[in-house]
Amino acid sequence: EDAIERVPEEKARQYQLDVLEQSKRKNTIAFLETGAGKTLIAVLLIKSIQESLHKQNKKMLAVFLVPKVPLVYQVIQFFTIYLFLNAFARRQYEI
């Protein structure tokens with residue numbers, strides 16, 4: 001199976017999924033160590049909200065802020081792989 005087609009939830013650890021579920025219910029600050037997967041949690045949350053709005057024929061604009069320039073490139077790469085390319089790969093097979 002191609003890495004792009006893998007669902008990000010499959011890569012999430014249980015504590016990340018717990019934070020994700022809590023953040024779906026209320027505003028949440030994820031205070032986690034560097035490398036603990038805060039970006040993955042954010043991607044999954046944005047994906048969840050987008051899918052919910054899509055079912056209602058609504059669109060969304062998500063803004064993702066980072067404190068340092070190198071993180072901009074990291075987040076762009078992460079979002080591209082998990083959101084944009086994954087959506088593109090799904091559309092490619094829909095006829």
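## A closer look at the overall build of the protein
Within the protein, the regular secondary structure consists of three helices and zero strands. The order of helices and strands in the protein, counted from the N terminus, is α-α-α. Buried positions account for 24% of the 95 residues belonging to the protein. Long-range pairs, those at least 24 residues apart, make up 58% of the contacts in the protein between residues at least 6 apart in sequence. Total accessible area on the protein is roughly 7700 Å²; 57% of this is exposed by carbon and sulfur atoms.

## Here's the deal with unusual backbone geometry
In the Ramachandran plot, Asn-57 falls in the positive-phi region, its phi being about 60 degrees despite a non-glycine side chain. Asn-57 sits in the exposed class, given a relative accessible area of 74%.

## Some points on helix H2 (residues 38-55)
Counted at 1.5 Å a residue, the expected span for H2 with its 18 residues is 26 Å, and the 26 Å between its end C-alpha atoms agrees. Of all the positions in H2, only Thr-39, Leu-40, Ile-41, Ala-42, Val-43, Leu-44, Ile-46 and Lys-47 are classed as buried. At the C-terminal side of H2, Asn-57 shows a positive phi close to 60 degrees.

## Here's the deal with the packing of aromatic side chains
Counted according to the given criterion, the structure contains one aromatic pair. For the pair Phe-64 and Phe-79, a centre-to-centre distance of 5.1 Å together with 65 degrees between the ring planes defines the contact as edge-to-face. Of this pair, Phe-64 sits in the loop between H2 and helix H3 (69-93) while Phe-79 is found in helix H3, placing the two residues 15 residues apart along the sequence. You can call Phe-64 partly exposed: its relative accessible area is 30%.

About the thresholds
Residues numbered from 1 in each chain as written. Predicted model: local features only at pLDDT ≥ 70, side-chain atom pairs only at ≥ 80, totals over all residues. Heavy atoms only, no water. Helix = DSSP H or I, 4+ residues; strand = E, 2+ residues; numbered from the N terminus. Buried < 20%, exposed > 50% of the residue type's maximum accessible area, 1.4 Å probe, protein only. Contact = heavy atoms within 4.5 Å. Areas by Shrake-Rupley, 256 points an atom, 1.4 Å probe, with all protein chains shown as cover. Expected span 1.5 Å × (residues − 1). Phe/Tyr/Trp six-rings, centres within 6.5 Å; stacked < 30°, edge-to-face > 60°.

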